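Take a look at the letters that make up each chain.
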Amino acid sequence: MAKYLLMLFSVVGFLLHSCNDATNKRNQTDQLVVGQTVKTSLADSTIVYKTDNLIVHRLSNHIYQHISFLNTNDFGRVACNGMLVVNDKEALVFDTPTDDDSSLGLINFVTKILNCNIIGVIPTHFHGDCVGGLETFNEYSIPAYSSNKTLELLEANGKEFSKPINGFDDSLTLNIGGKRIYMEYFGEGHTKDNVIGYFPLENAIFGGCLIKEVGASKGNLEDANLTEWSNTVTKLKQKYPSLKMVIPGHGKSGGIELLDYTIELFQ
């Protein structure tokens, strides 16, 4: 009888131990799934606006990255970045979204959700991923600014708009909510006219297509100056050696490492 009871207790103990192991494993699995879900959620937590054709990420208190899409023959459907800067109920847009519908979505997001007045839009070069939605901004009487080099290339490529674009030479300074923001030309690279935007309050730049995300290929070289590209970005880094935020024309934003990668890519 004693042997029988001992065997019974052993079996029960084994089953309880097995159940506890299974429970622990399930708990570990559940924790892993929860952890992965949290990571995914955190990865997407910067998204503050999203439609089929437009995504807006909040990167800081003043900086947003807008993403729209361009259908191309060589690269397929390409995600194209722009930068939105907001301060004290004013906003400035670098590069329009790629078409009128996504541009309208961005305008509505800024004016109706952020409750900001858009004081201007700045195409950083003459390609369609910078000016594709400019007419929508014109419809809302939002002033546009671009370098005179961009104006010349737009005209040379037969691109006309219903309202004139305000031109500048190598630099332009605007005020947004009492803070200065700069547009600057450092030289040729992706195109002859590519400029960048710099917002000192956040030590952030929009590099446009002059700057590549880490790991990117050289991309569209149709209008590029491969000889000067690296030199141009080197000049940019020499002026702003401690940038905290860099938004490229395509791909993920980051820091000064995007400049380093672009310099090396085109050396």
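What comes next is a walk through the structure. (Residues numbered from 1 in each chain as written. Predicted model: local features only at pLDDT ≥ 70, side-chain atom pairs only at ≥ 80, totals over all residues. Heavy atoms only, no water.)

For the rest of this paragraph, the subject is the overall build of the protein chain. In terms of helices and strands, the protein chain carries seven helices and 13 strands. Across the protein chain, every contact between residues at least 6 apart in sequence was considered, and the portion connecting residues at least 24 apart equals 59%. Approximately 14,000 Å² of the protein chain is accessible, and the part contributed by carbon and sulfur atoms is 52%. (Helix = DSSP H or I, 4+ residues; strand = E, 2+ residues; numbered from the N terminus. Contact = heavy atoms within 4.5 Å. Areas by Shrake-Rupley, 256 points an atom, 1.4 Å probe, with all protein chains shown as cover.)

Turning our eyes to something else, we now look at helix α5 (residues 148-156). Every buried residue of α5 is accounted for by T150, L153 and L154. Projected down its long axis, α5 shows its buried positions confined to an angular sector of 105°, all on one face. Along α5, exposed side chains directed more than 90 degrees from the buried face belong to E152, E155 and A156. Looking at the buried residues of α5, the elements they touch are α3 (128-131) and β7 (145-147). Immediately downstream of α5, the backbone of G158 shows phi near 70°, a positive value. (Buried < 20%, exposed > 50% of the residue type's maximum accessible area, 1.4 Å probe, protein only. Arc of directions from axis to C-beta.)

Turning our attention to the side chain of T150. Looking at the secondary structure, you find T150 in helix α5. The buried category is assigned to T150, whose relative accessible area is 0%. Those residues within four positions of T150 in sequence are excluded, and the remaining contacts are H125, F126 and D193.

The mixed open sheet is built from five strands, whose spatial order is β9-β10-β11-β12-β13. Across the chains shown, the open sheet's two edge strands, defined by having one partner strand only, are β9 (171-176) and β13 (245-248). Each strand axis lies, on average, 20° off the axis of its neighbour in the sheet, ignoring direction. Looking at chain direction, β9 and strand β10 (residues 179-185) are connected through six bridges and run antiparallel. (Pairing = 2+ DSSP bridges. Axes fitted to C-alpha atoms, helices over the stretch in contact; angles between N-to-C directions.)

Time to look at the nonpolar core. Judged by nonpolar contacts, the single largest core of 25 residues is most densely connected at L84, L106, F109, V110 and F137. Residue assignment for this core shows that the elements contributing at least two residues are β2 (54-58), β4 (76-87), β5 (90-94), α2 (100-113), β6 (117-122), α3, α4 (134-139) and α5. With residues up to four places along the chain from it excluded, the contact list for F137 reads V93, T96, P97, S103, L106, I107, V121 and I142. In terms of nonpolar packing, the next biggest core, distinct from the first, is built from 19 residues, V85, I122, Y145 and I247 among them. (Core = buried A, V, L, I, M, F, W, Y, C linked by side-chain atoms within 4.5 Å.)

For the coordinates displayed, the defined rule picks out five aromatic pairs. Seen from their ring centres, Y49 and F109 are 5.4 Å apart, and the 45° between their planes marks the pair as tilted. Of this pair, Y49 sits in strand β1 (residues 47-50) while F109 sits in helix α2, and the two are 60 residues apart along the sequence. Take F109: its relative accessible area is 1%, and that puts it in the buried class. Their ring planes at 10° and their centres at 3.8 Å tell us that W229 and F266 sit as a pair that is stacked. (Phe/Tyr/Trp six-rings, centres within 6.5 Å; stacked < 30°, edge-to-face > 60°.)

Quick look at the environment of F75 now. With respect to the helices and strands, F75 occurs in the loop between β3 (63-72) and β4. Sequence separation between F75 and N220 is 145 residues; the distance between their C-alpha atoms is 8.7 Å. Those residues in contact with F75, other than ones at most four positions away along the chain, are G219 and N220.

For strand β11 (residues 195-199), a buried count of five out of five residues is recorded, marking the element as mostly surrounded by other parts of the structure. Side chains V195, G197 and F199 project from β11 onto one buried face, and the interleaved I196 and Y198 project onto a second face that is buried too. Here β10 runs beside β11; their pairing, made up of four bridges, is antiparallel. When the sheet's bridge partners are listed, M183 is paired in β11 with G197. Examined bridge by bridge, β11 and strand β12 (residues 204-208) share three bridges and lie antiparallel to one another. For F199, the partnering residue across the bridge sits in β12 and is A204. In textbook terms, the turn of a hairpin is the stretch between consecutive antiparallel strands, and for β11 and β12 this stretch comprises four residues, one of which, N203, has a positive phi near 50°.

Any functional reading would require information beyond the geometric quantities listed.
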